[in-house]
Amino acid sequence: MQRLHYRVLPVLVACALPLAAAAADLGRETLPANDGWASLPTTALPDGTTGGSAATADRVHRVRDRNGLVAALAFPDATPKIIEIEGVIDANVDADGHPLACADYARPDPQTGEIYSLDAYLAAYDPATWGRADPSGPQERARAASASAQQSRVRIRIPANTTIVGVGRGATVRGAWFDIRPSSTSGNTPMNVIVRNLNFEDTFDCFPQWDPTDGALGNWNSQYDAISVRNATHVWIDHNRFADVATADGTLPTLFGRHYQVHDGLLDVTNASDLVTISWNRFEHHDKTMLVGSSDSASADRDKLRITLHHNLFEDLGQRAPRVRYGRVHVYNNHYKVTGPEAAAGYGYSWGVGVESQIVARNNHFRVDGLVPPEFFIDRFNGSRIHVEGTLLDGVSPNSAVDPVAAFNAANGDALVDDVDWAPTLHGPIEPTKDVPVSVIRGAGPFK
């Protein structure tokens, strides 16, 4: 079996502001008052989330490649800065900008010198001979070293007080992991970051790890989110598109009887992060979309993870839109689409109710063309509290109204409680659900 290679495909979406002056104005924009949790004034940020809007002229950088992007960000420099991305930036390149394939990251086991290869990895850890123990030995150590080599290229650290915006036509970040996280990995820090008007494509892991104990049959697990928010507060993610194109799940093989998964999340918010607004984005053709909360035992997440999601398009996704632990998450005026039997076969759920989470879901629309029943819209992961109102299914008339909580409980027993102890106040006007499909399809994603 040959190692997988991923070929860069051209971007076909025109998705940025047409004039440089308009792009500059976009970089200076701040999150409006009352636009979700990230607009909450705090002592550190009395104006809410402002990103790099206060940047002086010498701190506004137009970048066109990975080296320029990393240099302009200058992590961990917290001086206000605006980063304008033009064209396509590929993270999987060497220091001279030459493309790197998965084979270029392959490294040896530091103990034996044995080079990683997928063929050798499959031979070493075949469940028929290896069993259900965690992989160990030369090929697992070589895999970890290879993964570290790729991470050193694709992980791009985002410092505090930064705005990143796409300019021109089709501004795209491909294969990258934007890591919005301070230098400290305890508590949280007012990062004050804005990311807008970009395409994020094909963030993939060349070296997934086989976990034979993950589920009844084992699973392939990957690293790297397109964007991760960790130990951070005051973050606004707006008018972007997230999708797998060249590395779409449908192009990947089945190995050890399980899908060879090279993707992790699209946008995860974990590690005690707080005060995040995610608005007017398109999330497309992916499995694990958005994880909120680190783990069931991450008590540091308690009383954090306050997040607003509004006017996002969630199309042909498998799960986690979002899946929440601990957080108080407001999910309103989003449009969920499942287009066709293949997408329906891969659909698990949209709202994941995890430990100590409290989701308020208001006026969301599901277009599934009868392929997914409403009891599947929610799944339960050691939590129980979710308030849902105003949901419509496959239409705009009052007869399209459904109650996903009641449907879940009817199918699974009374496991969910349609009650929370908080009420969202930081939001704009909530549209009637019948207007959501047109509003979101026309307005979500990068600006045209």
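Relevant structure appears above.
Residues numbered from 1 in each chain as written. Predicted model: local features only at pLDDT ≥ 70, side-chain atom pairs only at ≥ 80, totals over all residues. Heavy atoms only, no water.

J.: Please set out the pairing of strand β25 (residues 358-362) residue by residue, giving values where relevant.
T.: On any regular strand, side chains alternate: one points to one face of the sheet, the next to the other face. The buried fraction of β25 is high, at four of five residues. When strand β22 (residues 328-332) meets β25, the two strands line up parallel, connected through five bridges. Within β25, the residue paired with arginine 328 across the bridge is glutamine 358. When β25 meets strand β28 (residues 385-389), the two strands line up parallel, connected through five bridges. Looking at β28, one finds that valine 360 is bridged to histidine 387. (Buried < 20%, exposed > 50% of the residue type's maximum accessible area, 1.4 Å probe, protein only. Helix = DSSP H or I, 4+ residues; strand = E, 2+ residues; numbered from the N terminus. Pairing = 2+ DSSP bridges.)

J.: Can you break down helix α8 (residues 404-412) residue by residue, with the values?
T.: Listed in full, the buried residues belonging to α8 are Pro404, Val405, Ala407, Phe408 and Asn409. Buried residues along α8 sit in contact with β24 (351-354), β27 (378-381) and β28. Where α8 begins, one side-chain oxygen reaches toward the backbone nitrogen of valine 405, 3.2 Å away; that side chain belongs to aspartate 403. Where α8 terminates, the next one or two residues include glycine 413, which has phi positive at roughly 90°. (Contact = heavy atoms within 4.5 Å. Polar contact = N/O pair within 3.5 Å; in protein donor to acceptor, adjacent residues only side chain to side chain.)

J.: So, the environment of glutamate 284: which residues are in play, and what are the values?
T.: Along the polypeptide, glutamate 284 turns up in strand β17 (residues 282-288). Spatially, the C-alpha atom of glutamate 284 lies 9.6 Å from that of valine 245, the residues being 39 residues apart in sequence. The contacts of glutamate 284, once residues within four sequence positions are left out, are Arg241, Phe242, Ala243, Asp244, Glu315 and Leu317. Engagement of the side chain of glutamate 284 in a polar contact is seen with the side chain of arginine 282, the distance being 2.9 Å.

J.: Describe unusual backbone geometry, listing the residues and the values that go with them.
T.: The residue after phenylalanine 75, namely proline 76, is reached through a cis peptide bond having omega 5°. Residue placement: proline 76 occurs in the loop between α2 (66-73) and β2 (81-90). In this structure, the amide linkage connecting alanine 321 to the following residue, proline 322, adopts the cis form with an omega of 0°. Following the sequence through the fold, proline 322 ends up in the loop between β20 (313-319) and β21 (323-324).

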